[in-house]
Amino acid sequence: MSSVQQARETLGARLRELRKQSGLTGLELARLAGWDNSKVSRYEHGKQTPTEQDIHTWCALTDAPLQVGDLIATVRNVEAAWLEWKRIQSHNAQKKTGQLETESKLIRGYDPDLVPGLLQTQDYATEILRECIQFIGGPDDLAAAVSARMERQQVLRKGAKRFHFLLAEQALYTTVGSDGIMVGQLEHLVAQVRSSRLALGIIPRTARFRVPVTNFLMYDIRQVQVETVSAELTVTQPREVALYERAFQILAKHAAKGEAARVLIQRALETRAS
């Protein structure tokens, strides 16, 4: 089941709960709203996403006006969350992400397998984007996409921003391109550990499991981006953003920092160099 379908079904369950609490049957709600009889069922079973106007109508008829704001935020999240990878990996998408990074004061991220875009060397980024374009079959604008990703990294040196990245130790060992590319990337990470503008933590491979999480980027406390195989999920629902905030704090507590992080990176670097 896709994440977007799960989100629709979760929304539908909330709407069904409001209807039942009001004492209305599905047929009665449809009649009062002036809808066809199947519309209520489609919404409640996640077969269709309601419009914002339908949310207003639903809450008015079920005497739940205080739920309007949260439900509309959920609808917008479902509708706006998904972008095809063809768009994500394109030059224009890279520039759009760059704009979001420019507007944010605090950028945090976690990745279990790869080095995040803002910390990638050009060679490493080229291999990542090439593989993604080949996998999805998107437009071949590799050179422009790499250029945009490199341009995005200027945000690390501009303005009063803070950055905090967490990597699982596996990210140091996932082979991207070749040993030569990995040596260059790992040397770059060693330099980043000493940066005064950026905090970098490495979660050891033997760290105890604490939280179920995939890769994500947080922009202040207003938006989270999560990459999946087919799309990118944008999370703006406050209660969901709070879960990612909590997950990040838990992961950060168990990450190696400073000299301890440098030692882990150096160990991976020595493996490649040998």
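Whatever comes next refers back to the structure up there.
A brief look at the structure comes next. For every chain, the first residue of its written sequence is number 1, and the numbers climb from 1 along that sequence. pLDDT decides what is reported in this predicted model: residues at 70 or higher carry local features, side-chain atom pairs at 80 or more are listed and counted, and totals for whole chains, interfaces and linings draw on all residues regardless. Note that water and hydrogens are dropped before the side-chain values are worked out from all heavy atoms of the structure.

Description of the nonpolar core
In this text, buried Ala, Val, Leu, Ile, Met, Phe, Trp, Tyr and Cys residues form a nonpolar core when linked through side-chain atoms within 4.5 Å. Burial here depends on accessible area, computed with a 1.4 Å probe over protein chains only, as a share of the maximum for the residue type. Under 20% is buried, over 50% is exposed, and the range in between is partly exposed. In this structure, Leu172, Leu189, Leu200 and Ile265 are the most contacted members of the largest nonpolar core, which totals 32 residues. The way it works is that DSSP assigns letters per residue, a run of H or I at least four long becomes a helix, a run of E at least two long becomes a strand, and they are numbered from the N terminus. Considering every element that reaches this core, the biggest residue donor is helix H10 (residues 179-193), with six residues. Here a residue-residue contact requires only that any non-hydrogen atoms of the pair lie within 4.5 Å. Look past the residues within four positions of Leu189 in its chain and what remains in contact with it is Val115, Leu119, Leu167, Leu172, Leu200 and Ile265.

Structural notes on the pattern of salt bridges
Every case where a carboxyl oxygen of Asp or Glu lies within 4 Å of a side-chain nitrogen of Lys or Arg is listed as a salt bridge. Per the stated rule, a full pass over the model turns up 13 salt bridges. Arg42 is the partner of Asp36 in a salt bridge, and the nearest nitrogen-oxygen pair spans 3.7 Å. The exposure class of Asp36 is partly exposed, given its relative accessible area of 40%. Accessibility expressed as a relative area gives 25% for Arg42, which makes it partly exposed. A salt bridge links Glu245 to Arg108; its shortest N-O distance comes to 2.6 Å. Within this pair, whereas Glu245 is found in helix H11 (residues 238-253), its partner Arg108 is found in strand E2 (residues 106-111), the two being separated by 137 residues in sequence. Looking at Arg108, the relative accessible area reads 5%, which means it is buried. Linked by salt bridges that have partners in common, Arg14, Asp70 and Arg239 make up one network.

Some words on the side chain of Glu101
Here Glu101 lies in helix H7 (residues 91-103). Each polar contact in these results corresponds to two N or O atoms within 3.5 Å; when the atoms are within protein, one needs to be able to donate a hydrogen and the other to accept it, and residues that are neighboring in sequence are counted only if both atoms are side-chain atoms. Polar contacts involving the side chain of Glu101 include one to the side chain of Arg152, which spans 2.7 Å. Discounting chain neighbours no more than four positions away, the residues touching Glu101 are Ile107, Leu118, Arg152, Val155, Lys161 and Tyr219.

Some points on the packing of aromatic side chains
In this description, a pair of aromatic rings is defined by centroid distance and the angle of the planes. Each Phe, Tyr or Trp ring, with Trp reduced to its six-membered ring, pairs with another whose centre is within 6.5 Å; inter-plane angles below 30 degrees give stacked pairs, above 60 give edge-to-face pairs, and intermediate values give tilted ones. Per the stated rule, a full pass over the model turns up six aromatic pairs. Here Trp35 and Trp58 contribute two aromatic rings whose centre-to-centre distance is 6.1 Å and whose plane-to-plane angle is 35°, an arrangement assigned as tilted. With Trp35 in the loop between helix H2 (26-33) and helix H3 (37-44) and Trp58 in helix H4 (residues 52-61), this pair connects stretches of sequence that are 23 residues apart. Note on accessibility: Trp35 and Trp58 belong to one class, buried. Feature note: the residues Tyr110, Phe216, Tyr244 and Phe248 constitute an aromatic cluster, connected by ring pairs. Positioned above the aromatic ring of Phe248, the side-chain terminus of Arg108 is 5.4 Å from the ring centre. The criterion for a charge sitting over a ring is simple: Lys NZ or Arg CZ within 6 Å of the ring centre, and within 35 degrees of the ring normal.

Overview of the packing of H2 against H4
One can describe the packing of H2 onto H4 by two numbers: an axis separation of 10 Å at closest approach and a directional angle of 115°. Here H2 runs over H4; the crossing is right-handed. Each of Leu29, Leu32 and Ala33 in H2 lies in contact with H4, whose residues at this interface are Thr57, Trp58 and Leu61. Under the convention adopted here, Pro, Cys and the residues Ala, Val, Leu, Ile, Met, Phe, Trp and Tyr are nonpolar, Asp, Glu, Lys and Arg are charged, and Gly plus all remaining residues are polar. Broken down by class, the residue content of the contact of H2 with H4 amounts to five nonpolar, one polar and no charged. Orientation is described by axes fitted as lines to C-alpha atoms, over the contacting stretch for helices, and by angles from 0 to 180 degrees between their N-to-C directions. The handedness criterion is simple: a crossing whose near helix is rotated anticlockwise from the far helix by less than a right angle is left-handed, and one whose near helix is rotated clockwise is right-handed.

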